[in-house]
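Descriptive analysis of the structure
Listed below, chain by chain, are the residues.
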Amino acid sequence: MEVKAEEEQPKAKKATEPVVNITQDGWKLKLISLRADLMRSWWVLKVIGLIIFLGHISLPLFILYNSWIVPKLVFSTVVRWPPFSDPAYPTDYGLNATRNFYLDVQEDVRVGVWHTLPSSLSVGEEVSWEEYDQTLPSAKHIFLYLHGNSGTRGAYHRVQMYKFLSRLDAHVVTLDYRGFAESTGSPTEEGVVKDAHFMYKWLKEKSNGSPVVIWGHSLGTGISTKLTKQLCDEGDPPAGLVLESPFNNIVDAAFEHPFAFLFNGIPGFKSFLRDSAVEHNVRFNSDQLIRGVTSPILILHAEDDLIVPFHLGLKLYESAKKTRSHRTGGVEMVNFESHFGYGHKNIYKAPELKEIVKKFLETCHQHQLQ
């Protein structure tokens with residue numbers, strides 16, 4: 001029995017040796033895995049650092065030394081939304097009783113236009129082409145809608161506003177400025193205002209002088225204000241001016257834009273914006289131009305607007321108030337509280353908007369009778 005016990009003892013030692021080896025190998029594998037994770041993390045940090053470098057240093061420096069790109073950023077015609085769509089067919093965007101046509105503003109500029117009929121005229125059978133022109137002289141209301149930057153006249157929030165205005169029994173005419181959608185030419189401040197001016201004069205001619213209200217949104221408020229100032233100077237003021245989500249001037253609007261956080265830490269960035277605006281004649285200084293507007297003015301702005309902050313619209317309102325008199329139309333600003341979530345593009349959802357606009361149209365009518 002003693003001999004057997006001595007023989008079994010070394011066997012027990014041999015059985016424990018592989019367990020020790022397995023434990024050591026496990027630690028080695030863990031160390032190798034940890035090292036691999038660290039290497040991967042290092043590469044991730046490199047990529048993040050490269051993104052930060054490109055975003056906060058290279059891109060700002062590129063723009064600073066290539067100021068020609070500033071006007072392209074202002075108009076952003078490269079962004080076409082909705083994509084793969086053809087504005088030649090308004091029904092594809094959910095617009096009935098809407099015709100698409102083109103106007104030659106000048107020899108090398110042709111712009112695409114939509115004309116939506118009042119809801120009272122769009123019920124029943126299909127409307128003939130002639131009826132669009134024939135019903136303009138007897139129109140209760142006509143809106144010239146001037147949209148903002150990027151996209152086309154078929155952007156969803158724009159289409160919803162056309163529908164809203166049509167339900168007020170109004171004709172709604174909108175266009176894509178030069179360089180937008182299928183319109184030819186390249187956009188400049190003077191160029192897009194010229195397109196809007198041509199559209200306004202066309203409307204006045206076709207409607208036999210019926211009152212036209214100009215409605216601008218976002219960048220379109222800069223175009224609308226400059227256009228209205230020109231028309232007032234010409235002695236042909238519009239019946240009214242509606243500014244939805246407006247800014248006071250393009251420099252402040254660019255400086256306050258969400259993408260500007262990449263550049264705001266660079267000393268002299270705002271001065272660069274100002275100099276670039278002057279160099280390329282892209283100012284849209286509505287806070288100065290609005291003082292020469294004699295038509296009634298309605299400003300609509302959501303307090304939760306992240307693209308054009310509410311306080312810029314308030315600044316524009318304060319500028320307009322300074323020159324109101326008994327010889328000019330009044331100015332009213334309506335703000336929409338943040339909890340509604342209308343932001344920059346969705347004021348058309350406000351239930352009270354119908355009464356606000358109807359009241360303003362009555363104000364415009366009374367002003368014309370003076």
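For the structure, check the block above.
Residues numbered from 1 in each chain as written. Predicted model: local features only at pLDDT ≥ 70, side-chain atom pairs only at ≥ 80, totals over all residues. Heavy atoms only, no water.

So, the pattern of salt bridges
When the charged atoms of two side chains lie near each other, side chains of opposite charge can form a pair. What counts is decided by this rule: Salt bridges, as used here, are contacts in which a Lys or Arg side-chain nitrogen is within 4 Å of a carboxyl oxygen on Asp or Glu. Each helix corresponds to a stretch of at least 4 residues labelled H or I by DSSP, and each strand to a stretch of at least 2 residues labelled E; elements are numbered beginning at the N terminus. Burial status follows relative accessibility: with a 1.4 Å probe on protein chains alone, a residue under 20% of its type maximum counts as buried, one over 50% as exposed, and anything between as partly exposed.
The final tally for this structure, using the stated rule, is 13 salt bridges. A salt bridge links Glu234 to Lys201; its shortest N-O distance comes to 3.5 Å. Here Glu234 is found in the loop between helix H6 (219-233) and strand S6 (240-244), whereas its partner Lys201 is found in helix H5 (residues 189-206), with 33 residues between them in sequence. Residue classification places Glu234 among the partly exposed positions, given a relative accessible area of 43%. Taking the relative accessible area as the measure of exposure, Lys201 reaches 31% and is therefore partly exposed. Linked by salt bridges that have partners in common, Arg153, Asp176 and Glu182 make up one network.

Some remarks on the layout of surface pockets
Basically, it comes down to this: Within this scheme a cavity is a closed region of a 1 Å grid, computed over the protein atoms alone, that accommodates a 1.4 Å probe without allowing it to escape, whereas a pocket is open but has protein on both sides within 12 Å along at least five of seven lines; lining residues each have an atom within 4 Å of a point. Grid points are joined across faces, edges and corners, and a volume is the space filled by probe spheres set on the points. Gly is put with the polar residues, along with every residue not named as nonpolar or charged; the nonpolar set is Ala, Val, Leu, Ile, Met, Phe, Trp, Tyr, Cys and Pro, and the charged set is Asp, Glu, Lys and Arg.
Of the voids in this model, the largest pocket is the one considered here, and its volume is about 1,100 Å³. As for the largest pocket, its lining consists of 40 residues, of which Leu73, Ser76, Asn149, His257 and Phe259 are closest to the centre. Elements with a minimum of two residues in the lining of the largest pocket: helix H1 (2-64), helix H2 (69-75), helix H4 (156-167), helix H7 (250-256) and helix H8 (269-279). Here the residues of the lining of the largest pocket are counted per class, giving 28 nonpolar, ten polar and two charged. Approximately 250 Å³ is the volume attributed to the second largest pocket. Taken together, 15 residues line the second largest pocket, and the ones lying closest to its centre are Lys140, His141, Leu361, Glu362 and His365. Breaking the lining of the second largest pocket down by element, the ones donating at least two residues are strand S3 (141-146) and helix H11 (353-369). Per-element accounting of the lining of the second largest pocket gives the leading share, six residues, to H11. Of the residues belonging to the lining of the second largest pocket, the class tally is eight nonpolar, four polar and three charged.

Brief notes about the pairing of S3
The side chains of a regular strand alternate, first on one face of the sheet and then on the other. Inclusion rule: Note on pairing: two strands pair once DSSP finds at least 2 bridges between them. With the strands aimed away from the viewer, a crossover counts as right-handed if its path from the first strand over the helix to the second runs clockwise.
Across the six residues that make up S3, a large majority, five, are buried. Bridge count for S3 against strand S4 (residues 170-176) is five bridges, and the pairing is parallel. Across the sheet, the residue bridging to Ile142 is His171, located in S4. In the classification by handedness, the crossover that spans S3, the intervening H4 and the parallel S4 is right-handed.

With respect to the environment of Asp86
With respect to the helices, strands and loops of the structure, Asp86 is situated in the loop between H2 and strand S1 (98-106). Sequence-wise, Asp86 and Thr152 are 66 residues apart; in three dimensions their C-alpha atoms are separated by 9.8 Å.

Section: the packing of aromatic side chains
Our working rule: The pairing test for Phe, Tyr and Trp rings, Trp by its six-membered ring, is centres within 6.5 Å, and the orientation test on the planes gives stacked under 30 degrees, edge-to-face over 60, and tilted for anything in between. Whether a charge sits over a ring comes down to the Lys NZ or Arg CZ being within 6 Å of the ring centre and within 35 degrees of the ring normal.
With the rule as written, the count across this model stands at eleven aromatic pairs. A ring pair is formed by Trp129 and Tyr132, whose centres lie 6.4 Å apart and whose planes are at 55°; its orientation type is tilted. Remark: Tyr132 and Trp129 occur in helix H3 (residues 129-134); sequence separation between them is three residues, near one turn of the helix. The exposure class of Trp129 is partly exposed, given its relative accessible area of 45%. For Tyr132, a relative accessible area of 5% puts it in the buried group. By the ring-pair criterion, three or more aromatic residues cluster together here, those being Tyr93, Trp114, Tyr145 and Tyr162. Lying across the ring of Phe101, Arg99 places its NZ or CZ 4.6 Å from the centre. The ring of Trp129 carries Arg99 above its face, with NZ or CZ at 5.0 Å from the centroid.

Here we look at the nonpolar core
How we decide: Residues belong to a common nonpolar core when they are buried Ala, Val, Leu, Ile, Met, Phe, Trp, Tyr or Cys residues joined through side-chain atoms within 4.5 Å. Residue contacts follow a heavy-atom distance rule, with two residues in contact if any of their heavy atoms lie within 4.5 Å.
Grouped together as the largest cluster of nonpolar side chains are 56 residues, with contacts concentrated most on Leu144, Leu146, Phe284 and Ile297. Element by element, the count of residues in this core is highest for H5, at seven residues. When sequence neighbours within four positions are dropped, the list of residues in contact with Phe284 reads Phe75, Glu189, Val192, Leu219, Gly222, Ile223, Phe247, Asn248, Asn249 and Ile250. By size, the runner-up hydrophobic cluster in this structure holds 32 residues, among which are Tyr93, Phe143, Phe164 and Tyr342.

Observations regarding the side chain of His197
Examined against the element boundaries, His197 turns out to sit in helix H5. Take His197: its relative accessible area is 18%, and that puts it in the buried class. Among all residues touching His197, those that are not within four sequence positions of it are Leu227, Gln230, Leu231 and Glu234.

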